[in-house]
Amino acid sequence: MNNGIRIRPARNAELPTLARLIENQLPDMMAGRKRPNNIEGHLASLIPDKSLILATRGNRLAGLTAIDLDHARILACYLDPETASPETPRELFKAVEQLALSFGIRRLECQVKKQVSGFIQSMGYSLAADHAEDKTPVLSKDLLEGADPELVALIKLQDELGIPADYGVRHRMCLQTEAKTLIPVGRDIFDRDQRLVPAAATAWTRLQTAASGHAIELKLVSAFRGVTYQANLFRRKLEHGQSIDEILAVSAPPGYSEHHSGQAIDVTTPGIKPLEQEFGETRAYRWLRSNAGIYGFKETYPRDNRHGIAWEPWHWRYHHRPGL
Ligand SMILES: [Zn+2]
């Protein structure tokens, strides 16, 4: 909240209105890019990654911005001069920078109109050294400067282990910071103590109880796993001569595992090998598909998922609002 302005990702239902506003020439701070023919379709492609960000005041639009994650570039920054506050462009830029950083983007670029170049530079962007005076200015900003130290540490760890810098963008996966408060949720099938954040722990107990009411036994294989644990797993595999590509084919890199959040669980049911796709053929899995959402759990990597990750029918993540 800032002067009654709220910054948030756009929703599908808003796209027709937003497309009309853009067509009606809301002033854009960016330059050097042709408007796509199908504006609404283009905006829709930004929704799954939350990379279309709005500033709203009540039910009025004050501004919007969008990012092309694949090219680490701000696509547009529109403002409605009547509704926006002087802080709105800064708030929009802050939101888009945080989003980019969450996907592991280190440097963000934008091609701006000459008259706003000074303003953009006041937000930490600088001109390329070989910038020609007669060209549209291309500015960029190092997102690691002044970023949350925990995110910076995660990115440095990726570099140290040799994980490709574009891993997050390529798989549309976000960096996961470690859960701070964890509570015990009993033992897993290997008799190890497991922990989750309190809300996920409660939801897991409810899920497991509901399943048992349908004669389905859900067992934990794994819950919270720290960044250090995952990093050591990686280091061991590297020492045993596996290549980064081989390791990444079966394990999420440290920093990108949802298990760091204390909200993800791997489950199985008796008679099924843990972490194998055969779990996807069980009655337990079919029950989860129909019912886990009621308890706030969602399958992160279903068959043919948009992350390009192999199907993981055993992996479920708790989301704060059920059914998300
Ligand atoms: Zn998992």
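Counting starts from 1 at the beginning of each chain's written sequence and moves along it residue by residue. This being a predicted model, a pLDDT of at least 70 is required before a residue's local features are given, and a value of 80 or more before pairs of side-chain atoms are given or counted; all residues contribute to the totals for chains, interfaces and linings. Each side-chain value is worked out from all heavy atoms of the structure, with water and hydrogens disregarded.

A. Structural detail: the sheet that holds strand β3 (residues 60–68). Two strands pair under a simple rule: DSSP has to find at least two bridges between them. Comment: elements are numbered from the N terminus, with helices defined as DSSP H or I runs of at least four residues and strands as E runs of at least two. The seven strands are arranged β1-β2-β3-β4-β5-β7-β6 in an open sheet whose pairing can be described as mixed. Each having just a single partner strand, β1 (5–9) and β6 (126–127) make up the two edges of the open sheet. With six bridges connecting them, β3 and strand β4 (residues 73–79) associate as antiparallel partners. Across the sheet, the residue bridging to A66 is A76, located in β4.

B. Representation of the pattern of salt bridges in the model. Throughout this description, the term salt bridge denotes a Lys or Arg side-chain nitrogen within 4 Å of a carboxyl oxygen of Asp or Glu. According to the stated counting rule, one finds 18 salt bridges in the structure shown. A salt bridge links D49 to R306; its shortest N-O distance comes to 3.0 Å. Taken together, the residues D49 in the loop between α2 (39–44) and β2 (52–57) and R306 in the loop between β12 (297–299) and β13 (315–318) connect sequence positions 257 residues apart. Burial here depends on accessible area, computed with a 1.4 Å probe over protein chains only, as a share of the maximum for the residue type. Under 20% is buried, over 50% is exposed, and the range in between is partly exposed. On the accessibility criterion, D49 (8% relative accessible area) is buried. We note a salt bridge from R106 to D159, for which the minimum N-O separation is 2.5 Å. Highlighted residues: R106 in the loop between α3 (88–102) and β5 (107–111) and D159 in helix α5 (residues 149–161), separated in sequence by 53 residues. Relative accessible area serves as the criterion here: at 19%, R106 is assigned to the buried category.

C. Summary view of the nonpolar core. What makes a nonpolar core is a set of buried Ala, Val, Leu, Ile, Met, Phe, Trp, Tyr and Cys residues whose side-chain atoms join them at distances within 4.5 Å. In terms of nonpolar packing, the biggest core is built from 52 residues, with M30, I74, F93, L108, C110, I120 and Y125 touching the most fellow members. If you tally residues by element for this core, the top one is α3, at seven residues. Domain delimitation in this document rests on an assignment produced automatically or drawn from a domain database. No fewer than three residues from each of domain 1 (5–147) and domain 2 (164–318) sit in this core. It only takes one pair of heavy atoms within 4.5 Å for two residues to be counted as in contact. Once residues lying within four places of it in the same chain are set aside, the contact partners of I74 are M30, T65, A66, I67, F93, V96, L108, E109, C110 and Y125. With 32 residues, the next largest nonpolar core counts L196, A200, Y285 and L288 among its residues.

D. Region of interest: the packing of aromatic side chains. Aromatic rings from Phe, Tyr and Trp, taking only the six-membered ring of Trp, are treated as a pair when their centres fall within 6.5 Å; an angle between ring planes under 30 degrees marks them as stacked, one over 60 as edge-to-face, and anything in between as tilted. The full count for this structure, using the stated rule, is six aromatic pairs. With 5.7 Å between their ring centres and 75° between their planes, Y285 and W311 make a pair best called edge-to-face. Highlighted residues: Y285 in helix α10 (residues 283–291) and W311 in the loop between β12 and β13, separated in sequence by 26 residues. Taken together, the ring pairs in this structure connect F279, Y285, W311 and W316 into an aromatic cluster. Put simply, a charge is over a ring when the Lys NZ or the Arg CZ is close to the ring centre, within 6 Å, and near the line of the ring normal, within 35 degrees. Cation over ring: R303 sits above W311, and NZ or CZ is 3.9 Å from the ring centre.

E. Representation of the domain arrangement of the protein chain. Structurally, the protein chain comprises domain 1 (5–147) and domain 2 (164–318). Each of domain 1 and domain 2 has a C-alpha centre, and these two points are 34 Å apart. With 10 residues of domain 1 at the contact, the number on the domain 2 side is nine residues. As a working definition, buried area equals the accessible area (1.4 Å probe) given up by two parts on being put together, with both sides summed. For the pair domain 1 and domain 2, the summed buried area comes to about 810 Å², and 51% of that belongs to carbon and sulfur atoms. It is D49, S102 and F103 that lose the most area in domain 1 upon contact with domain 2, and together they represent 51% of the buried surface on that side. Joining domain 1 to domain 2, the criterion identifies three salt bridges. Among the salt bridges present, the one from R172 reaches D49, with a minimum N-O distance of 2.7 Å. N or O atoms within 3.5 Å of each other form a polar contact, as long as, within protein, one can give a hydrogen and the other can take it, and as long as residues adjacent in sequence are counted only when both atoms are side-chain atoms. Summed over the shared surface of domain 1 and domain 2, the number is seven residue pairs in polar contact (both at pLDDT 80 or more).

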